[in-house]
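Descriptive analysis of the structure
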Amino acid sequence: MVVSARVEASQIGADILKKGGNAFDAMAATGLALAVAYPFAGNLGGGGFMVYRQSNGDIGSLDFREKAPLSASKNMYLDEQGNVIPDKSTLGSLAIGVPGSVAGMFEVHKKFGKLPMKDILEPVIALAKKGVVVTKNQAERFNYYQSKFRLVNKDSLLFYKVWKEQDTIKYPALAKTLERILKNGEDEFYKGETGKILVKFIQDNGGLITEEDLAKYKAKWRTPITFNYDDLKIISMPPPSSGGICLAQIMKMIEPYDLHEYGHNSLKSIQVITEAERRAYADRSYYLGDPDFVSIPGKALISDAYLKGRMADFSFDKATLSSDVTHGNVEVVESNETTHYSIIDQFGNAVSVTTTLNGAYGSKLYCSELGFFLNNEMDDFSSKPGVPNMFGLIGAEANSIQPEKRMLSSMTPTIIEKNGSLFMSVGTPGGSTIITSVLQTILNVHEYNMTMQEAVDAPRFHHQWLPDEIEMEPHSFDENLIHQLQDKGYNINEKNSPVIGKVDGIMVLSDKTLEGGADHRGDDTAVGF
């Protein structure tokens, strides 16, 4: 089964499995198909993370997160007074990190793939040529973001018209780029004609990325964060994603409490989860960054003794104030416009992949000659310690800008074992809400006995330390419950809560069949056989 943001991508991934390919072949195909069908977040010009579990129980993770260019500098987004210059890290060429997605797909395929790259790329190229049917959601997004595209791009783009549901959009330039990559491999993107066109385009638009930046880029295998919760073993992404450590902190802080007894989205459950989230996000903003550049006290942050101490001042009587919680000191922001896909193959291998351009359509800069958008991932660094990013996340020195450093992320691709066997593959987009959406989906299955689809569809809430409020999905929670929370001193925000994640997950049922959960909040689709 493959679950992703678009039926076309899920179908291409499932077809690869039917051909005898494995989850890793399907990962590359689905990821590249999302670049065609879902340019909002699917990409060649971005990056991401993958966690895997092979059928024999071996686990690992791949970091294909973007990097800062060699000429990037700590204060590159500040004016002479030391203030952050609006939009400089989010719009246009200076926002672009060195892309990692193509390297990631090839790295996975090289290590674990069964089918030739031709089998993986040909259906994606065919999709780009034939075109994709525009959904209602996609038409709204294309039309909404056109003014931003016009701000940044000098040339006319193929997106410049009023889009309607059921229109078809074709990507001939992207098809040609993919054909060159098929012919020349990963080097085509990083050292070949495509790379040269890309660098010239970025520099003509005032950006920093050079041919040397591209040539030096490598995806990196890392050791996942693993921890236990009841009879579950959770396998998640390590830094430079904050996902695994934050998820471990929150789950270990709530484990001593009987959530099952309290009930789903009950007053007590929301209190316990919110207070654990508040403390984990405070630590996140202070301690976490790229482990190749900063020393992260990972073991200490998820140790039982430390986390017990973090929750020592929690009381059901009243809310803790975020101003009273320092890092066991930090606030963080990042974009909601990511995409996730989960795959389990017929051999029992599982992958969980989250990939992004950061903001919607990334930097909004579109290379018409190559047919794809470029990321605005540089905004995920702390442009200035203590000043929030576009997601309101605050960062510290650990996540300051340095050449070749990877920016901190909240992406949380996760795989779960139960009693030693594969149980779930799950993840979501949603910027700073990613961690809490993955958390609630796992709890919905484990504590509240929901099906995968019920777990994904249930109403969600989120707290990230700063701002000091519980974001709640609008019109989804009982008024009495909200008043009870307010009486205990919680600030509730139902107004500005964006959709909190679009979770895609797969659960292995007791009879070894698979159940997909595709989030109703998007055009997400599960395709299995």
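An unreviewed UniProt entry lists the protein under the name Glutathione hydrolase proenzyme, with Yeosuana aromativorans given as the organism. The heading Subunit (unreviewed entry) in the UniProt record of the protein holds the text "This enzyme consists of two polypeptide chains, which are synthesized in precursor form from a single polypeptide." For the protein, the Pathway (unreviewed entry) comment in UniProt is given as "Sulfur metabolism; glutathione metabolism."

Let us look at the sheet that holds strand S9 (residues 338-344). Sheets are built from strands that pair by backbone hydrogen bonding, the pairs being arranged parallel or antiparallel. Read across the sheet, seven strands follow the order S6-S3-S2-S10-S9-S1-S20 without closing on themselves; strand pairing throughout is antiparallel. Edge strands, defined here as strands with exactly one partner in the open sheet, are strand S6 (220-222) and strand S20 (525-527). Along the sheet, successive strands turn relative to each other by an average axial angle of 15°, direction set aside. In the sheet, strand S1 (residues 2-4) pairs with S9 via two bridges, with the strands oriented antiparallel. Each residue of the ladder has a partner; that of valine 2, found in S9, is isoleucine 343. Across the face of the sheet, helix H1 (residues 7-18) comes into contact with S1, S9 and S20 while running at roughly 160° to S1. Packed on one face of the sheet, helix H2 (residues 23-37) meets S1, strand S2 (47-53), strand S3 (59-64), S9 and strand S10 (350-356) and runs near 155° to S9.

What follows deals with helix H3 (residues 101-112). Its 12 residues give H3 an end-to-end C-alpha distance of 17 Å, which sits within 8% of 16 Å, the value for a rise of 1.5 Å per residue. Burial analysis of H3 places 10 of its 12 residues in the buried class, the great majority of the element. For H3, the full list of buried residues reads Ser101, Val102, Ala103, Gly104, Met105, Phe106, Glu107, Val108, His109 and Phe112.

For the bond from proline 239 to proline 240, the omega torsion is 15°, close enough to zero to count as cis. Along the chain, the position of proline 240 falls in the loop between strand S8 (232-236) and helix H10 (243-254). For the peptide bond that leads from leucine 466 to proline 467, omega is -5°, which places it in the cis range. Within the element layout of this structure, proline 467 appears in the loop between strand S15 (461-462) and strand S16 (470-472). Here glutamine 166, not a glycine, exhibits a phi torsion of approximately 80°, which is positive. Tracing the chain through its elements places glutamine 166 in the loop between helix H5 (136-152) and strand S5 (168-169). Its identity is not glycine, yet tyrosine 361 carries a phi of approximately 55°, on the positive side. The topology assignment puts tyrosine 361 in the loop between S10 and strand S11 (366-367). Overall, tyrosine 361 belongs to the buried group, its relative accessible area being 0%.

On to the environment of asparagine 376. Within the element layout of this structure, asparagine 376 appears in the loop between strand S12 (372-373) and strand S13 (414-418). Separated by 24 residues in the primary sequence, asparagine 376 and serine 352 place their C-alpha atoms 23 Å from one another. Once you skip the residues sitting within four places of it in the chain, asparagine 376 turns out to touch Ser89, Thr90, Ala95, Leu357, Asn358, Gly359, Gly362, Ser363 and Met390.

Another aspect to go through is the nonpolar core. Core analysis: the biggest nonpolar cluster contains 87 residues, and Met27, Leu44, Met50 and Phe159 have the highest contact counts within it. Considering each element in turn, this core owes the most residues, 12 residues, to H2. Once residues lying within four places of it in the same chain are set aside, the contact partners of methionine 50 are Phe24, Met27, Gly60, Ser61, Leu62, Phe64, Val108, Trp221, Met237, Val351, Ser352 and Val353.

Here we come to the UniProt feature "binding site: L-glutamate" (unreviewed entry) in the protein. Taking the numbering used here, the UniProt-annotated feature "binding site: L-glutamate" (unreviewed entry) corresponds to Arg65, Thr356, Leu357, Asn358, Asp380, Ser409, Ser410 and Gly431. Position of threonine 356 among the secondary structure elements: in strand S10. When its relative accessible area of 2% is taken as the criterion, threonine 356 is described as buried. Among the secondary structure elements, aspartate 380 is positioned in the loop between S12 and S13. The exposure class of aspartate 380 is buried, given its relative accessible area of 3%.

Moving on to the pattern of salt bridges. Under the counting rule described, the total for this entry stands at 31 salt bridges. Of the charged contacts, one joins aspartate 290 and arginine 222 as a salt bridge, the two residues approaching to 3.9 Å between their closest N and O atoms. Here aspartate 290, found in the loop between helix H12 (267-287) and helix H13 (298-301), pairs with arginine 222, found in strand S6; they are 68 residues apart in sequence, far enough to count as distant. Each of the two residues, aspartate 290 as well as arginine 222, counts as buried.

Take the packing of H2 against helix H4 (residues 117-130) next. At a closest axis distance of 9 Å, the pairing of H2 and H4 adopts a crossing angle of 15°. Compared by their axis directions, H2 and H4 come out roughly parallel. By crossing handedness, the relation of H2 to H4 is classed as right-handed. Every residue of H4 that contacts H2 at Asp25, Ala28, Ala29, Leu32, Ala33, Val36 and Ala37 is listed here: Ile120, Leu121, Val124, Leu127 and Ala128. Of the residues contributing to the contact of H2 with H4, the split by class is 11 nonpolar, no polar and one charged.

Rules behind the numbers
- Residues numbered from 1 in each chain as written.
- Predicted model: local features only at pLDDT ≥ 70, side-chain atom pairs only at ≥ 80, totals over all residues.
- Heavy atoms only, no water.
- UniProt positions renumbered as here; feature names shortened; annotations may be inferred.
- Pairing = 2+ DSSP bridges.
- Helix = DSSP H or I, 4+ residues; strand = E, 2+ residues; numbered from the N terminus.
- Axes fitted to C-alpha atoms, helices over the stretch in contact; angles between N-to-C directions.
- Contact = heavy atoms within 4.5 Å.
- Expected span 1.5 Å × (residues − 1).
- Buried < 20%, exposed > 50% of the residue type's maximum accessible area, 1.4 Å probe, protein only.
- Core = buried A, V, L, I, M, F, W, Y, C linked by side-chain atoms within 4.5 Å.
- Salt bridge = Lys/Arg side-chain N within 4 Å of Asp/Glu carboxyl O.
- Parallel < 35°, antiparallel > 145°, perpendicular 65-115°, else oblique.
- Left-handed = near helix turned anticlockwise from the far one by under 90°.
- Nonpolar A, V, L, I, M, F, W, Y, C, P; charged D, E, K, R; others polar.

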